[in-house]
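Now for the letters of each chain:
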Amino acid sequence: MNSRRNFLKMLLGLSAFYLPWTIWPEKVTGAIHSLIKRPPVALITPLPELPKGVVSEESLNRTAMEDIVALTAPEMQGRQAGSVGENKASSYLAKQMSTLGLKPMGDQGGSFTHVFTIPPVSQKVVNGRLTFTADYLESLRTPSVNLLGGLIGKEQDQVILISAHYDHLGIYQNVVYPGANDNASGVSCVLEVMRRLLREGKASQKTLVFAFWSAEEMGFVGSKAFIKSPTFPLEHIQAMINLDTVGNGMIGDFALWAESEDNLAYQTIKKAAAQVGASAQHTPTGGHNSDQVSFAQAGIPAVTLMARDWLNKNHTPEDTAGWIKPEQLQLASDILYQAVKILAFDQK
Ligand SMILES: [Zn+2]
């Protein structure tokens, strides 16, 4: 009796593996496959929830330089995507968004995290700069996370996307690459603009979505993953403004990367720079790039703002918090703030 039952159980078990994949509609198997490729959000440690409407004073009063110091601290280990350091950095950022009262805009609507996977990579020094080479095998992929939070505007479905990548290069030959300018600087400006808007406490006309991408250093893997499986309709995005490596060089001298100048994001940031007395000029990418490219390829108006001198000490262990010029950082966040006012608050 028992052995017959076990035999039946075994048959049922086997059929669960073999039959459904062939007879289930493609839609169902597709959904299962995508779940397998993208691990469930439950894998990520949930954050302590704050009571609604309570914004932490401590988070509201942080400064951009404090963010840079926190993101380049030894325990962040250079924030390589898929590493323990990335996990610590993403927890820091999710905590900031949570304690500032942002609406989670990640997976399944209730989380700040958007989970994707990265390929195995190897590290190599080329011309004195550390770089990753991705090995695009489908196997052995590692989980990584983007973070997204929103401030909902009166016109909920009209979205202005503000972003910066938070990953960097990690540790190479026992040396930490802290990535203060690349790109704790951009991240800190995005946080600074969030805090400034919340301190002012005025609702925007359009919805602002703030995104922190990971695995940019591995070839914009995080932002590409978002384009492939967005957490809200991409058609809602009217402009995407990205900041990357904004804290060094001559004060007020910035560069812009965009597919074309005929684009709302590009035109707005250029205007915003002029309004705060800075210069931001369209510049050829010279074989480099940042996450705006993922959005531009999807037909979304997108731009990246960076310091014109961004390549100096880039991808070297000397890219430390001490390399950041506070006035340049302040100007970058002023430009971003002004652009947000023009785009989401209908300011001229
Ligand atoms: Zn970089």
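Residues numbered from 1 in each chain as written. Predicted model: local features only at pLDDT ≥ 70, side-chain atom pairs only at ≥ 80, totals over all residues. Heavy atoms only, no water.

S.K.: Give me the lowdown on the overall build of the chain, citing residues and values where you can.
M.R.: A count of helical and extended segments in the chain gives 10 helices and 13 strands. Sorting the 348 residues of the chain into buried and exposed places 51% on the buried side. In the chain, of all internal contacts separated by at least 6 residues, the share reaching a separation of at least 24 is 82%. (Helix = DSSP H or I, 4+ residues; strand = E, 2+ residues; numbered from the N terminus. Buried < 20%, exposed > 50% of the residue type's maximum accessible area, 1.4 Å probe, protein only. Contact = heavy atoms within 4.5 Å.)

S.K.: Explain the coordination of the zinc ion to me, using residue names and the numbers behind them.
M.R.: At the metal site, the zinc ion is ligated by Asp182 (OD), Glu217 (OE), Glu217 (OE) and His315 (NE2), and these contacts range over 1.9 to 2.4 Å. One chain supplies every donor to the zinc ion, and in sequence these donors are spaced D-x34-E-x97-H. Here the residue Glu217 occupies a position in the loop between strand E9 (206-213) and helix H7 (221-228), and His315 occupies one in the loop between strand E13 (302-307) and helix H10 (326-344), the gap between them amounting to 98 residues. The class of Glu217 is buried, set by a relative accessible area of 11%. Given a relative accessible area of 11%, His315 falls into the buried group. (Donors = N, O, S within 2.8 Å, 3.2 Å for Na, K, Ca; no water.)

S.K.: Residues and numbers for the nonpolar core, please.
M.R.: Grouped together as the largest cluster of nonpolar side chains are 63 residues, with contacts concentrated most on Leu208, Phe212 and Ile241. With residues near it in sequence (within four places) discarded, Leu208 still touches Gly149, Gly150, Leu151, Ile160, Ile162, Leu197, Val340, Ala344 and Phe345. Residues Leu148, Leu161, Val209 and Leu234 belong to the second largest nonpolar core, which totals 15 residues. (Core = buried A, V, L, I, M, F, W, Y, C linked by side-chain atoms within 4.5 Å.)

S.K.: Summarise the packing of aromatic side chains; cite the residues concerned and give the values.
M.R.: Throughout the structure, instances matching the rule amount to 5 aromatic pairs. With a centroid separation of 5.5 Å and 50° between ring planes, the pair formed by Trp213 and Phe226 is classed as tilted. With Trp213 in strand E9 and Phe226 in helix H7, this pair connects stretches of sequence that are 13 residues apart. According to the relative accessible area criterion, Phe226 is buried, its value standing at 0%. Geometrically, the ring pair formed by Trp213 and Phe295 is tilted, given 5.5 Å between the ring centres and 40° between the ring planes. Placement of Trp213 in strand E9 and of Phe295 in helix H9 (residues 292-297) is noted, with a sequence separation of 82 residues between them. The buried category is assigned to Trp213, whose relative accessible area is 0%. (Phe/Tyr/Trp six-rings, centres within 6.5 Å; stacked < 30°, edge-to-face > 60°.)

S.K.: Any chance you could break down the side chain of Ser294 for me, citing the residues and the numbers?
M.R.: Topologically, Ser294 is positioned in helix H9. For Ser294, a relative accessible area of 4% corresponds to the buried category. Of note is the side chain of Ser294, whose polar atom sits 2.8 Å from the side chain of Ser223. Not counting the four nearest positions on each side in its chain, Ser294 is found in contact with Phe220, Ser223, Lys224 and Ile227. (Polar contact = N/O pair within 3.5 Å; in protein donor to acceptor, adjacent residues only side chain to side chain.)

S.K.: Tell me about the pairing of strand E11 (residues 253-257), residues and numbers included.
M.R.: Of all 5 residues making up E11, 5 are buried, and the element is well covered by its neighbours. In terms of strand pairing, E11 meets strand E12 (residues 279-282) through 4 bridges, oriented parallel. Looking across to E12, one finds that Phe254 is bridged to Ala280. For the crossover that starts at E11, traverses helix H8 (residues 264-275) and ends in the parallel E12, the hand is right-handed. (Pairing = 2+ DSSP bridges. Right-handed = clockwise from strand over helix to strand, strands pointing away.)

S.K.: So what about the pairing of E13? Which residues, and what values?
M.R.: Burial analysis of E13 places 6 of its 6 residues in the buried class, which makes it a mostly covered element. Residue alternation in E13 divides its side chains into two sets, Ala302, Thr304 and Met306 and Val303, Leu305 and Ala307, and both sets are buried. Pairing analysis gives 4 bridges linking strand E10 (residues 237-243) to E13, with the strands arranged parallel. Bridged to Leu243 within E13 is Leu305. In this structure, E11 lies alongside E13, joined through 4 bridges in antiparallel fashion.

S.K.: Hey, could you go over the packing of helix H5 (residues 84-99) against helix H6 (residues 180-200) for me, with residue numbers and the actual values?
M.R.: Contact geometry for H5 and H6: axes closest at 11 Å, N-to-C directions at 10°. With respect to each other, H5 and H6 are oriented roughly parallel. For the element pair H5 and H6, the recorded crossing hand is left-handed. Here H5 contributes Tyr92, Leu93, Gln96 and Met97 to the contact with H6, which in turn contributes Val187, Leu191 and Met194. (Axes fitted to C-alpha atoms, helices over the stretch in contact; angles between N-to-C directions. Parallel < 35°, antiparallel > 145°, perpendicular 65-115°, else oblique. Left-handed = near helix turned anticlockwise from the far one by under 90°.)

S.K.: Describe the confidence of the model for the chain, naming the residues involved and giving the relevant values.
M.R.: Taken over all residues, the pLDDT of the chain has a mean of 87, while the share at 70 or more is 83%. In the predicted structure, residues 7-51 sits below a pLDDT of 50 and forms 32 contacts with residues beyond four places in sequence or in another chain. (pLDDT = per-residue confidence, 0-100.)

S.K.: Quick rundown of unusual backbone geometry? Include the residues and the values.
M.R.: Of note, the amide linkage connecting Asp182 to Asn183 takes the cis form, showing an omega dihedral of 0°. Located in the positive-phi region is Asn174, a residue other than glycine, with phi close to 65°. Inspection of the secondary structure puts Asn174 in the loop between strand E7 (170-172) and strand E8 (175-177). The backbone phi angle of His315 is positive, close to 60°, even though this residue is not glycine.

S.K.: Can you lay out H7 for me, pointing to particular residues and giving the numbers?
M.R.: Along H7, the positions that sit buried rather than exposed are Val221, Gly222, Ser223, Ala225 and Phe226. Buried residues along H7 sit in contact with strand E2 (113-118), strand E5 (142-151), E9 and H9.

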